[in-house]
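Here are the chains, one letter per residue:
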Amino acid sequence: GVRKNGKAVKMIQPTLWESNNGNVHMLLRTSAGAIYRSDSKDYGKTWGKAYKTGLPNPNSGIDLVKLHDGKLALLYNTDSKNWGSRAVLKLAISEDDGNTWKDILDVENGVKGDEFSYPAIVSCGDEITLTYTWKRSNIMFKRVKLNE
């Protein structure tokens, strides 16, 4: 398994996409302060060793969707401490199959103690629809029109 500072990196709640026939990829929520990624070349039958991406993760849920133009859209919290803050939720876009990401929207930019978590994202043509838990008391629904 993957280790950081001698401790096993716990990974759960993958979000997946297929880049082309047979090449499947996943991003993972982890205990290591970062989103990790694993890749498969055989439709997900076998997977390569997970590796750290440049994206932070405070051990919180993430979700992504492949858009109609092939870009990827990702919802994620931006703290890099295990069990860190979930007060900031961002939307990022990748134009290179998840190798690099650019934040395009601060979905929520709360204060200490706020929690915006468990995101879900769906592509609807030139829009994306997203939901997430808002301060552990409500479900937030937003529709975002993407600039082409």
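Structure shown above.
Please read all numbers here as calculations on a predicted model, not as lab measurements. (Residues numbered from 1 in each chain as written. Predicted model: local features only at pLDDT ≥ 70, side-chain atom pairs only at ≥ 80, totals over all residues. Heavy atoms only, no water.)

### Some remarks on the packing of aromatic side chains
Move 1: By the definition in use, this model includes two aromatic pairs.
Move 2: For the ring pair Phe116 and Tyr132, a centre distance of 6.4 Å and an interplane angle of 85 degrees mean the geometry is edge-to-face. Residue Phe116 is located in strand S11 (residues 116-124), and its partner Tyr132 is located in strand S12 (residues 127-134); the two are separated by 16 residues in the primary sequence. Tyr132 carries the same exposure label as Phe116, and that label is buried.
Move 3: An aromatic cluster is built from Phe116, Tyr132 and Trp134, whose rings are joined through pairwise contacts. (Phe/Tyr/Trp six-rings, centres within 6.5 Å; stacked < 30°, edge-to-face > 60°. Helix = DSSP H or I, 4+ residues; strand = E, 2+ residues; numbered from the N terminus. Buried < 20%, exposed > 50% of the residue type's maximum accessible area, 1.4 Å probe, protein only.)

### A word on the environment of Ser85
Move 1: Inspection of the secondary structure assignment puts Ser85 in the loop between strand S8 (72-77) and strand S9 (88-94).
Move 2: Along the backbone, Ser85 and Lys112 are 27 residues apart, and their C-alpha atoms lie at a distance of 7.3 Å.
Move 3: Not counting the four nearest positions on each side in its chain, Ser85 is found in contact with Pro58, Asn77 and Asp79.
Move 4: In terms of polar contacts, Ser85 uses its side chain to reach the backbone amide nitrogen of Ala87, at 3.0 Å. (Contact = heavy atoms within 4.5 Å. Polar contact = N/O pair within 3.5 Å; in protein donor to acceptor, adjacent residues only side chain to side chain.)

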